[in-house]
Every structure is written in C-alpha cells, then in structure tokens.
Amino acid sequence: MIYVQTPFTREIREAVALAWGVMGEGERLHGGEESAAYRLDGHVVRLGPVGRSVAEAEWCHAVARHGAAGLPEAVAPLATPEGATVVVVGGRPVSCWPYVEGGWPDSDVPAQREAGARLLARLHRSLSGCRPGPRPVAAFQESGLYGDPPQDAAELADPGLDRWLADFHARHPVRHPLHGDYYTGNTLARDGRLVAVLDWDEAFVGAPELELAAAALEWGDDVAGPSKEFVAAYHEEGGTAGHLDDESLTQLVRHKLRREYAYFHKAARAGVAHDEEDREYHRARVELFHRLRP
C-alpha cells in the first residue's frame, strides 16, 4: 500500500493554530492514500490533496456531523469560530478532528466482522434523515453506478452489469448519505470493541444496499467474495438497506470491483509506483470481478 507523504509545514501549523487553537509539531499517523493525518495531542489534523474544493470537503463534513449527532462512534470535524470545518493552505484543504485511541479491527475475527456490520447498520440509521443537497463534485464510486458505462474502466466493459445497475436503481428508490468507504482501515477498535468511523472524504448519497454490498466484500474474504454473515448481522441490527438476493449482492460488489480497477489505474497515471504485492492484489480483484459474473 502506497501512502501520501505530505509534510506538516510551518505554514499549515500556523493556520491550524489560528483556526482551531491547536498547536504542536504533529506526529504522522499511519495510513492515508490521498490525505495525510497528524496527531497533535487530543486532535488530528488532516491534510487533503491539492485541488480538492472547499465545497466538496464541507459537504462531506456536513454528512459526518449529521452522522455523529446520532452515533457516538462517528467522528466529525471540529468547526472554527466562524463555523467552517476547512481552511485552505497552499491549495490544500486542512481540517481538524478529535483524536480517538484505537487500532484497525481484524475482519478475520468473526466477532469483529459482526461488530463492523452492526456499526454500519446503526450508521445508516443515523444518516437516513440527512438531506445535504447535491454533492458539489460527484464521488468516485458514482461513475457507472446508474447504468452509464464508466469511461475509466473500459477494459472491464460489461453491458449486462450496466443494464442491471440501471434496473436495480429504478426498483430501489431509497437514497440517503453513505460513508462511501466503509472498510476496516476507516474504523478503529479498542479492547475488542469498535469505537470510531473515520475518513468521510468519499461520502455521497446513494442506495444503502450499495454500501452494504461493498462493506460485505471489504469485511469478508478477498478470495471468496462478500460475507453473507456480514449482511445477516447488518439486517439483524436494523440497517436501512433492503434484502439482497445473491444476484444483487454480487452485481453490486462487481460495481465496487470495477471502481477499484479504475482507481488503481488512476493512481498509476498520477505517478504511484505499485509494488508486486499491490499488482497481485489488483489481479486478484479483477479475477474476482469476472468470477462473480452471474
């Protein structure tokens, strides 16, 4: 996995001190494919990629704040005295968040996988009443979602999948904000309990079934496909997504896999040098896309 190397410059430190009254050199936290995070005692400062608009970041932050109002584990950004949650330094959006102690959960542990499903169900209930308006910039996961063939994944062209997605969304009109990237790396566990949902940069409005299927893959088995136990625990906890039959689960997962394919090549075009482990994982995900075809 390649993580961004964005320095916590003096200019950024000064802006953070002025906006939130948080000061310090900062300790780089692990992770971050596009945004870098630094811990300053009880706070985390996130440095987004150059060019990401304030409007997009504030929209995602509004979703996070709504989620946090109904779910203690949802971590939301802190506002400046003026009410903003973003300041721009050198063209880069900068935000400040409360620090939560914990480590990444292990989805291979059945109890933690079940906890991840139940947390997602409660998160969806918390977000179901949120009406944030149109997203200023379409989320990466939205390309191809409604039946339009995604131009950035032409090598995985599948007209059958495109038609299926268009029909699915016509039959599933319920929409509400979704986290957009719900996997173990965006959650934290402590003492065997999930305590945080982080990183809302990919939030968007969509059918909750889409996120349930994607999360079932992420918390399931990379080789065998999505975890039906994850789906069952989610429904038992009362999530907003409707029933997913086998075809619906696999086709929604295939949409996610096609977006992963596009992201891998987007990163490569941006100069990311994938190592052999990354390339092997990419090949396995492409193979899974084909193998899951109904």
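Counting restarts for each chain: residues are numbered from 1 in the order of the written sequence. Whole-chain, interface and lining totals are the exception, using all residues; otherwise, since this is a predicted model, local features are given only for residues with pLDDT of at least 70 and side-chain atom pairs are given and counted only at 80 or more. Hydrogens are left out, water is left out, and the side-chain values use all remaining heavy atoms of the structure.

1. Let's talk about the side chain of His179
Stage number 1. Note on conventions: DSSP H or I runs of at least 4 residues are helices, E runs of at least 2 residues are strands, and numbering of each starts at the N terminus. Examined against the element boundaries, His179 turns out to sit in the loop between β6 (176-178) and β7 (187-190).
Stage number 2. Relative accessibility thresholds used throughout: buried, under 20% of the residue-type maximum; exposed, over 50%; partly exposed, between the two (1.4 Å probe, protein chains only). You can call His179 buried: its relative accessible area is 0%.
Stage number 3. Polar side-chain contacts of His179 include one of 3.0 Å to the backbone oxygen of Asp199. The term polar contact refers here to a pair of N or O atoms within 3.5 Å; inside protein, the definition further demands a hydrogen-donor-capable atom paired with an acceptor-capable atom, and it admits residues adjacent in sequence only when both atoms are side-chain atoms.

2. Topic: helix α1 (residues 10-20)
Stage number 1. Looking only at α1, the buried set comprises Ile12, Val16, Ala19 and Trp20. Relative to the axis of α1, the buried residues are bounded by an arc of 75° and lie together on one face. Relative to its buried face, α1 has exposed residues pointing more than 90 degrees away, namely Arg10, Glu11 and Leu18.
Stage number 2. Residues of α1 that are buried in the fold lie against β3 (43-47), β4 (87-89) and β5 (92-98).
Stage number 3. Residue Gly21 follows α1 closely and has a positive phi angle near 70°. The arc in question is traced by the directions running from the helix axis to the C-beta atoms. In this analysis, two residues are considered to be in contact whenever any of their non-hydrogen atoms come within 4.5 Å of each other.

3. Concerning the pattern of salt bridges
Stage number 1. What makes a salt bridge here is a side-chain nitrogen of Lys or Arg within 4 Å of a carboxyl oxygen of Asp or Glu, nothing more. Throughout the structure, instances matching the rule amount to 25 salt bridges.
Stage number 2. One salt bridge in this structure joins Asp158 and Arg293, with 2.8 Å as the shortest N-O distance. With a gap of 135 residues between them, Asp158 in the loop between α3 (110-127) and α4 (159-171) and Arg293 in the segment after α8 (276-291) connect regions that are remote in the sequence.
Stage number 3. Residue classification places Asp158 among the buried positions, given a relative accessible area of 4%.
Stage number 4. On the basis of relative accessible area, Arg293 is assigned to the partly exposed category, the value being 41%.
Stage number 5. Here the salt bridges do not stand alone but share partners, grouping Glu73, Glu114, Arg118, Arg122, Glu236 and Glu237 into one network.

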